[in-house]
Amino acid sequence: MTSFNLADHPHRRYNALTGEWVLVSPHRAKRPWQGQVEEDAGTARPQYDPQCYLCPGNARAGGFQNPTYAQTFVFDNDFSALLPDIPQGEVGTGDLLIARAERGICRVICFSPRHDLTLAEMDVAGIRRVVDLWTEQYQDLGSKDFINYVQIFENKGAIMGCSNPHPHGQIWAQEAIPGEPAKELQRMRDHREQQGSTLLGDYLEKELQTWERIVCENEAFVALVPFWAVWPFETLVLCRRHVTSLSDMTDAEKNNLAAILKRLTTRYDNLFKTSFPYSAGLHQAPTDGQAHPEWDFHIHFYPPLLRSAAIKKFMVGYEMLSNPQRDMTPETSAERLRELSEVHYKTG
Ligand SMILES: [Zn+2]
Ligand SMILES: [Zn+2]
């Protein structure tokens, strides 16, 4: 028998960022695949859609009307999941049934006035304006005394439950530090206490030594498939310098962030020649008034597609009941993403 190796034998991988595990079954990725590998031609969208509630000048719910914005546009979500003005209170402390009032603010950000674009199809200058808007919003919302965490994210594609193709993202800012960043915060704190350095900073250093999971890089940022990736083509965007949030970044770093987002999302689109769906989001330091030297700014991309524009990964069965599982190794995913062109398949 050959000795244990990550490319051939089932194994569990530890997620250093959350403390959770993922089961990897690389031998199953060698199964013959009989499914179709169809390309998604996609339907061409108009630059302006009179029915779209995000296009410039159009009407929204509640009698609001969008300005005829020329670059980016932000507004309070007309159907906010969180509200700023609610009574404080809690029930059942110390009991099995515990609930607390939660204040917050939800906003929508339009990346571009153009209905037909996505981040991958926007130019780097346009993406840079989105980065600037993220920065302003993180600072504006984070400065409010009842906002302790600002989650900026994008849900892209009908498969992800996104009903409007107009390029846009969301911000949910709230009192509590929610589940995922709270787990990461604990792990990052422990690491810094024990090592005196930051968790993702140390992790990036290891990845740069082997290059096994790196997809692309520039002067300031690296995009890679994390060692512990759960989704088939999950990636993590990391800054080479220790920054806790967009607020710490230099002008040049923000340009480099825009550039690597363009390159990564273009690779994604080119993978299955489709407008690649994903949920992606920024993980920045909590805005709870404390210093967060342990926190490393990073962006997660969680795309669901597995083998084609139509075949996605499901998180069911063992994954719902035990823990996440994948067949193709993160190293193979990184290799496939690395081989792709950075010229968008649509625009040639
Ligand atoms: Zn639109
Ligand atoms: Zn994170």
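It should be noted that the structure appears before, not after, this text.
Residues numbered from 1 in each chain as written. Chains lettered and ligands numbered in written order. Predicted model: local features only at pLDDT ≥ 70, side-chain atom pairs only at ≥ 80, totals over all residues. Heavy atoms only, no water.

## A short note on the coordination of the zinc ion (ligand 1)
Thought 1: Every protein donor of the zinc ion (ligand 1) is accounted for by Cys 52 (SG), Cys 55 (SG), His 115 (ND1) and His 166 (ND1), and the metal-donor separations fall at 2.0 to 2.3 Å.
Thought 2: The site at the zinc ion (ligand 1) holds four donor atoms, and with the angles between them running 104 to 116°, its shape is tetrahedral.
Thought 3: For the zinc ion (ligand 1), the single-chain donor residues occur in sequence as C-x2-C-x59-H-x50-H. In this pair, Cys 55 sits in the loop between strand S2 (21-24) and strand S3 (73-76) while His 166 sits in the loop between strand S7 (149-156) and strand S8 (168-174), placing the two residues 111 residues apart along the sequence. Taken individually, Cys 55 and His 166 each receive the classification buried, so the pair is uniform in this respect. (Donors = N, O, S within 2.8 Å, 3.2 Å for Na, K, Ca; no water. Tetrahedral: all angles 85-135°; square planar, octahedral: opposite > 155°, others 65-115°. Helix = DSSP H or I, 4+ residues; strand = E, 2+ residues; numbered from the N terminus. Buried < 20%, exposed > 50% of the residue type's maximum accessible area, 1.4 Å probe, protein only.)

## Quick look at helix H1 (residues 124-142)
At 3.6 residues per turn, the α-helix brings residues three or four places apart onto the same side.
Thought 1: Between its first and last C-alpha, H1 extends 26 Å over 19 residues, near the 27 Å set by a 1.5 Å rise per residue.
Thought 2: Taken together, the buried positions of H1 are occupied by Gly 126, Ile 127, Arg 128, Val 130, Val 131, Leu 133, Trp 134, Thr 135, Gln 137, Tyr 138, Leu 141 and Gly 142. (Expected span 1.5 Å × (residues − 1).)

## Details of the side chain of Gln 174
Thought 1: As for its placement among the helices and strands, Gln 174 is situated in strand S8.
Thought 2: A polar atom in the side chain of Gln 174 sits 2.8 Å from the side chain of Glu 102. (Polar contact = N/O pair within 3.5 Å; in protein donor to acceptor, adjacent residues only side chain to side chain.)

## Some remarks on unusual backbone geometry
Glycine aside, residues mostly have negative phi, and peptide bonds are mostly found in the trans state.
Thought 1: A positive phi is found at Trp 211, a non-glycine position, where the angle reads about 60°.
Thought 2: On the secondary structure map, Trp 211 appears in the loop between helix H3 (199-210) and strand S9 (214-217).
Thought 3: The partly exposed category is assigned to Trp 211, whose relative accessible area is 34%.
Thought 4: A positive phi angle is found at Lys 273, which is not glycine, with a value near 45°.
Thought 5: Judged by relative accessible area, which is 35%, Lys 273 ranks as partly exposed.

## Some remarks on the pairing of strand S12 (residues 278-283)
Thought 1: Most of S12 is tucked away: six of the six residues are buried.
Thought 2: Residues Tyr 278, Ala 280 and Leu 282 line one face of S12 and the alternating positions Ser 279, Gly 281 and His 283 line the opposite face, and both faces are buried.
Thought 3: Bridge count for S12 against strand S13 (residues 298-302) is five bridges, and the pairing is antiparallel. Paired with Leu 282 across the bridge in S13 is Ile 299. (Pairing = 2+ DSSP bridges.)

## As for the environment of Glu 217
Thought 1: The topology assignment puts Glu 217 in strand S9.
Thought 2: Remark: the alpha-carbon pair of Glu 217 and Ala 70, spanning 147 residues in sequence, is separated by 31 Å.
Thought 3: Discounting residues that sit within four places of it in the chain, Glu 217 has contacts with Leu 208, Trp 211, Val 222, Arg 240, Ile 260 and Arg 263.
Thought 4: Looking at Glu 217, its side chain comes within polar contact range of the side chain of Arg 240, at 2.3 Å. (Contact = heavy atoms within 4.5 Å.)

## Describing the packing of aromatic side chains
In this description, an aromatic ring pair is defined by two values, namely the gap between the centres and the angle between the planes.
Thought 1: Overall, the coordinates contain 12 aromatic pairs when judged by the stated rule.
Thought 2: For the ring pair Phe 111 and Trp 134, a centre distance of 6.5 Å and an interplane angle of 85° mean the geometry is edge-to-face. Linking Phe 111 in the loop between strand S6 (104-110) and H1 with Trp 134 in helix H1, this pair joins segments that are 23 residues apart in sequence. Here Phe 111 and Trp 134 have matching classes, each one buried.
Thought 3: When the ring of Phe 153 is compared with that of Trp 172, the centres are 6.0 Å apart and the planes differ by 70°; the resulting orientation is edge-to-face. Taken together, the residues span a long stretch of sequence, with Phe 153 in strand S7 and Trp 172 in strand S8 at a distance of 19 residues. (Phe/Tyr/Trp six-rings, centres within 6.5 Å; stacked < 30°, edge-to-face > 60°.)

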